[in-house]
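Summary of structural features
Here's the letter readout for the chains.
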Amino acid sequence: MRVEEVPDPEPGPGELLVRVKAAGVNPLDTYIRSGRFGALPDLPYTPGQDAAGLVERVGEAVSHRKPGDRVYLGGSLTGTYAELALCEEKQTGLLPESVSFAQGAGIFIPYATAYRALFQKARALASEPVFIHGGSGAVGIAAIQWATAAGCRVAASAGSEEGRKLARELGAELVVDHHSETHGEEVRAWTKGEGVAVLLEMLANVHLGRDLDLLAVGGRAVVIGSRGSVEIDPRALLSREACVMGVSLFRASEKERTSLCAALEAGLENGTLRPVVREELPLEQAPLAHRRVLEPGALGKIVLIP
């Protein structure tokens with residue numbers, strides 16, 4: 001990846017042009033950039049799905065956005081690792097003054113993914129025990145905030161003391177070190193031996209095989225991230241009548257996307273959602289950001305500043 005000068009995009013009907021103040025870096029961006037994703041763009045292309053900034057210009061038939069509006073982006077037509085991003089009106093959400101542009105760049109993919117995993121796929125209910133295996137990364141942080149706000153009991157894991165401290169501050173009742181051989185026993189003891197109703201897997205190729213034994217009867221494991229294959233024992237599912245499912249924002253229906261966008265808007269307005277920014281890097285350091293976002297010890301969001 002390298003920075004180049006390209007012509008400014010022009011908004012057409014139903015489109016708007018956003019002056020990007022910060023662009024979020026997601027593992028998904030690295031999968032697309034490296035060619036390890038199902039749908040790949042034509043080259044050359046501008047990476048990036050998430051961003052926040054100011055509406056610069058609007059095209060015809062744009063009814064809910066105007067120049068000067070603070071917005072966050074959940075996708076774009078031209079990529080978000082740029083000074084200007086062209087997007088459809090429905091790809092934007094209003095960003096409250098209380099949320100910085102850097103925080104806004106960490107909203108859509110992490111928070112929408114966590115919401116879809118917890119509520120649209122796993123159907124998590126208030127009072128149910130939820131284990132978030134990887135609670136200090138951007139999606140894990142979002143999941144802790146969503147689940148605690150919904151009245152779930154939350155346990156989370158993190159690989160560093162700093163990450164575990166953050167998870168506790170965000171509201172997790174139990175926080176374990178996922179490098180410890182006994183972390184599964186700690187989670188099971190926390191549920192008094194009954195197991196967790198919902199399990200969120202951020203690195204399924206490493207943890208899913210063992211984590212299935214943590215599920216309760218009727219438990220639901222949701223795979224959010226995986227970087228390889230994993231061997232599981234189906235008997236762990238049979239005996240519990242449990243299930244494993246995957247989650248992808250790209251598979252959300254129009255109705256589901258409308259629902260989760262409404263939840264995002266409400267959560268940002270009432271302060272439930274508080275994105276944590278780990279690091280701000282200049283746009284020119286996008287290659288470094290792509291290396292760091294895949295390193296262990298995640299602690300919030302990496303954003304690029306044009």
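The structure under discussion appears in the preceding block.
First things first, this report covers the structure right here in the doc. As a convention, each chain's residues are numbered from 1 in the sequence order in which they are written. With the structure being a predicted model, the display of local features is reserved for residues of pLDDT at least 70 and the display and counting of side-chain atom pairs for 80 or more, all residues being used for whole-chain, interface and lining totals. Side-chain figures throughout are based on the complete set of non-hydrogen atoms in the structure, without hydrogens or water.

So, about the overall build of the protein. Helices and strands together make up the secondary structure of the protein, namely 10 helices and 13 strands. Seen along its three principal axes, the alpha-carbon backbone of the protein occupies a region of about 60 × 35 × 35 Å. Two residues form a contact once any of their heavy atoms are found within 4.5 Å. Within the protein, residue pairs in contact and separated by at least 24 positions form 65% of the contacts whose partners lie at least 6 positions apart. Only the protein chains shown count as covering a residue, and every accessible area follows the Shrake-Rupley method with a 1.4 Å probe. Element-wise, carbon and sulfur atoms account for 51% of the exposed surface of the protein, whose accessible area totals about 14200 Å². Charged side chains in the protein number 32 positive and 39 negative. The centres of these two groups are separated by 3 Å. A run of H or I in DSSP counts as a helix once it spans at least four residues, and a run of E counts as a strand once it spans at least two, with each numbered from the N terminus. In summary, the charge assignment counts Lys and Arg as positive and Asp and Glu as negative, without counting His or the chain termini. One atom stands in for each charge, and that atom is NZ of Lys, CZ of Arg, CG of Asp or CD of Glu.

This paragraph deals with the environment of Phe37. Take Phe37: it is sitting in the loop between helix H1 (27–33) and strand E2 (50–58). Not counting chain neighbours up to four residues away, the residues in contact with Phe37 comprise Leu28, Tyr31, Ile32 and Phe250.

Site definitions follow a grid-based scheme: protein atoms alone, a 1 Å grid, a 1.4 Å probe that fits but cannot get out for cavities, and for pockets an open set with protein on both sides within 12 Å along at least five of seven lines, plus lining residues having an atom within 4 Å of a point. Grid points are joined across faces, edges and corners, and a volume is the space filled by probe spheres set on the points. By the definition in use, this model includes 1 cavity of 30 Å³ or more. Taken together, Gly106, Tyr111, Ala138, Ile141, Pro275, Val276 and Lys301 make up the lining of the largest cavity. Under the scheme applied, nonpolar residues are Ala, Val, Leu, Ile, Met, Phe, Trp, Tyr, Cys and Pro; charged residues are Asp, Glu, Lys and Arg; polar residues are all the others, including Gly. A class-by-class count of the residues in the lining of the largest cavity yields 5 nonpolar, 1 polar and 1 charged.

As a further point, take the state of the cysteines. Here, the term disulfide refers to a pair of cysteine sulfur atoms separated by no more than 2.5 Å. Here the structure, examined in full by the defined rule, presents 0 disulfides. A disulfide-free cysteine, Cys87 has its sulfur positioned 13 Å from the sulfur of Cys261, the nearest such atom. Whether a residue is buried, partly exposed or exposed follows from its accessible area with a 1.4 Å probe, protein chains only, as a fraction of its type maximum: under 20%, in between, or over 50%, in that order. Relative accessible area serves as the criterion here: at 0%, Cys87 is assigned to the buried category.

A word on the pairing of strand E9 (residues 196–201). Most of E9 is tucked away: 6 of the 6 residues are buried. Two strands pair when backbone bridges link them, and strand E6 (residues 129–133) and E9 are joined in this way by 4 bridges, in the parallel orientation. Bridging across to E9, Val130 finds its partner in Val198. Judged from the 5 bridges that link them, E9 and strand E10 (residues 215–223) form a sheet pairing that is parallel. Counted as the bridge partner of Leu200 is Val222 from E10. Handedness of a crossover is defined as follows: orient the strands so they point away from the viewer, and if the path from the first strand over the helix to the second runs clockwise, the crossover is right-handed. Considered for its hand, the β-α-β crossover made up of E9, helix H7 (residues 204–211) and E10 is right-handed. The pairing criterion is simple: DSSP has to find at least two bridges between the two strands.

On to the nonpolar core. To form a nonpolar core, buried Ala, Val, Leu, Ile, Met, Phe, Trp, Tyr and Cys residues must be joined to one another through side-chain atoms within 4.5 Å. Core analysis: the largest hydrophobic core is formed by 50 residues, its most contacted members being Leu118, Ile132, Trp146, Leu200 and Leu264. Counting only elements with at least two residues in this core, the list comes to H1, helix H3 (108–121), E6, helix H4 (138–149), strand E7 (153–158), helix H5 (161–169), E9 and helix H9 (254–270). In terms of residue count, the dominant contributor to this core is H3 (9 residues). With residues near it in sequence (within four places) discarded, Ile132 still touches Gly140, Ala143, Ile144, Val154, Ala155, Ala156, Ser157, Leu200 and Met202. Of all hydrophobic cores here, the second largest spans 20 residues; its members include Leu16, Val62, Leu281 and Ala286.

What follows deals with the packing of aromatic side chains. Two numbers describe a pair of aromatic rings. These are the distance of the centres and the angle of the planes. Paired rings are identified among Phe, Tyr and Trp, the last through its six-membered ring, by centres lying within 6.5 Å, and are further divided according to the angle between planes into stacked (under 30 degrees), edge-to-face (over 60) and tilted (the rest). A complete count under the given rule lists 3 aromatic pairs for this structure. When the centroid spacing of 6.0 Å and the interplanar angle of 65 degrees are considered together, the rings of Phe37 and Phe250 count as edge-to-face. Highlighted residues: Phe37 in the loop between H1 and E2 and Phe250 in the loop between strand E11 (243–246) and H9, separated in sequence by 213 residues. Here the aromatic cluster, defined as three or more aromatic residues joined through ring pairs, consists of Tyr115, Phe119 and Trp146. A ring has a charge above it when a Lys NZ or an Arg CZ is no more than 6 Å from the ring centre and no more than 35 degrees off the ring normal. Sitting over the ring of Trp190, Arg153 keeps its end group 4.5 Å from the ring centre.

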